[in-house]
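Each chain, written out:
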Amino acid sequence: MRTGLSVVEAQETVLAATPVLGAETVAVREALGRVLCEAVLSGRVLPPADCSAMDGYAVRRSDCLAASRDAPTELAVRFEVAAGHAPERAVGSGEAARIFTGAPLPPGADAVVRQEDTEADGRGERVRIQVVPEKREHVRNAGEDLQVGDRVLERGDAIRPAQVGVLASLGRAVVSVHQRPRVAILSGGDELVEPDGDVAGGGIVSSNSYSLAAQCLEVGAEPVYLGIARDRPEDLERILRSALGADCIVSSAGVSVGDHDHVRPVLEKLGCELVFWGVHMKPGFPLTFGRFGERGPLVFGLPGNPVSAMVTFEQFVRPALLRMTGHRALFRPTVRARVRGRLEKKAGRLHFVRVHLERSAGPDGEIWAESTGNQSSGVLRSMTLARGLLVFPAEATRIADGEPATVQVLDESFFAGETPGF
Ligand code: AMP
Ligand code: MG
């Protein structure tokens, strides 16, 4: 087992061991947020026929070359084409067809004149054309969206609302996507109770069970909560055994070097290959990573402190779950921000500092990051306040007031606006 890795070494090691999960078929309606496991080729021509983009009149352009507002060209309206109905005949010379948006262009016609550029006679028999249309003006050409055989979507594309719409318009009811990882979550410690439990005698609510499950849900993984293991190897072993069918096991607490820290020996007893322990970061040093062979679950033994558990999940478990789900983009967006108030630490470990983030007014406003205050790994409130994690590099010892730093943005509403506009 390796020990004392840098954050980047640990991330690379985790991702090198992380498989992309296989395919499953889901209904297109349910596919939002999933990742395609197939390339999608068009089996159709879209739109299937030339059709009108406006309400107006289908004409032969050559009939209208002399038209103007002062001297309109009069045409005989022979028939009408509505959306969803085939034209009953062709447009002949000196003729027009009343046409509506989405209706197929009748043979003979080569342009549509908008209703606003015409004057009807009131009986629907004759129309006066006031402009000279361009050739194929206001006509949507057959196949301008898709041709048969066009490659529309790629394997690895994340499915957003537009992809759902394209799949539907190709007539697809189901689509092949990567499976969602099932993540077994367990917590360990004699002091832990469920939220409705008794905290009078030194009990602590197992909040990690909740925050970690929510972090799984946030990336589209499926958490399976296995409960609380007591600080006895047998209890931990019993619960870990029930997790062996999952794609990933996330356990919190019990990975340090205390007398009651049983996670590592029990994992080894169950046949887990421990890959590394200890990452030069704060919070989160005692992180443990292992795997059960090529096909078994990945195992993350996260530290128990609530902030350490969440921050190590962010850095290692989240990218692994995204990779399993087939995503190509595995990491949070980062911004460069100027630090408000100076930061200091000892050299050696990379610190993730919970920070407020704000943008000063104006379109090119600078981004400022400021510590949320008490950075103890037990203060979960620091995570509720944090819109980002500031990366204070391992060897750095101070960042002066106003100096720039890289911040991982946790709260994507940071990029969202509150007022309409561009
Ligand atoms: P440990 O890793 O077992 O030494 O735990 C470190 C600290 O994290 C202790 O103060 C624990 O009470 C706390 N802790 C452990 N597990 C949880 C959990 N599931 N939820 C909240 N706090 C926890
Ligand atoms: Mg403990």
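Here the structure is a predicted model, which means the values were calculated and not measured. (Residues numbered from 1 in each chain as written. Chains lettered and ligands numbered in written order. Predicted model: local features only at pLDDT ≥ 70, side-chain atom pairs only at ≥ 80, totals over all residues. Heavy atoms only, no water.)

Participant: How do you make sense of the environment of Cys216 when you look at a structure like this?
Facilitator: Positionally, Cys216 belongs in helix α3 (residues 207–218). Cys216 sits 102 residues away from Arg318 along the chain, and the two C-alpha atoms are 7.5 Å apart. For Cys216, the contacting residues outside a window of four places in its chain are Val183, Ile185, Ala221, Pro223, Phe313 and Leu321. (Helix = DSSP H or I, 4+ residues; strand = E, 2+ residues; numbered from the N terminus. Contact = heavy atoms within 4.5 Å.)

Participant: Sorry, what's going on with the pairing of strand β25 (residues 350–359) here?
Facilitator: Taken residue by residue, a regular strand's side chains alternate between the two faces of the sheet. With seven of ten residues buried, β25 is to be regarded as a mostly interior element. Pairing analysis gives two bridges linking strand β20 (residues 281–282) to β25, with the strands arranged parallel. Considered in β25, the bridge of Lys282 is made with His351. When β25 meets strand β27 (residues 388–392), the two strands line up antiparallel, connected through five bridges. (Buried < 20%, exposed > 50% of the residue type's maximum accessible area, 1.4 Å probe, protein only. Pairing = 2+ DSSP bridges.)

Participant: What am I meant to see in the site of ligand 1 here?
Facilitator: Around ligand 1, 14 residues are found, and the nearest of them are Glu191, Ser206, Ser207, Gly304 and Asn305. Contacts to ligand 1 include Ser187, whose side-chain N or O atom sits 3.3 Å from a nitrogen atom. Asn208 is positioned such that a nitrogen or oxygen atom in its backbone is 3.2 Å from a nitrogen atom of ligand 1. Protein contact buries 76% of the 490 Å² of open area that ligand 1 shows by itself. If you list the elements that add at least two residues to the shell around ligand 1, you get β16 (204–205) and α3. (Near = heavy atom within 4 Å. Polar contact = N/O pair within 3.5 Å; in protein donor to acceptor, adjacent residues only side chain to side chain. Areas by Shrake-Rupley, 256 points an atom, 1.4 Å probe, with all protein chains shown as cover.)

Participant: Honestly, the nonpolar core in this entry has me stumped. Any pointers?
Facilitator: Among soluble globular proteins, nonpolar side chains are generally buried collectively. One finds Phe276, Phe300 and Leu321 to be the most contacted residues of the largest nonpolar core, which totals 43 residues. Per-element tally for this core: the top contributor is helix α6 (residues 306–324), with eleven residues. Summarising the domain contributions, this core has at least three residues from each of domain 1 (2–22 + 180–324) and domain 4 (334–415). Leaving out residues up to four positions away in the same chain, Phe300 has contacts with Val14, Cys248, Ile249, Val250, Ser251, Thr288, Phe289, Phe316, Val317 and Ala320. Ile239, Leu240, Ala243 and Phe292 belong to the second-largest nonpolar core, a separate cluster that totals 18 residues. (Core = buried A, V, L, I, M, F, W, Y, C linked by side-chain atoms within 4.5 Å. Domains from an automatic or database assignment.)

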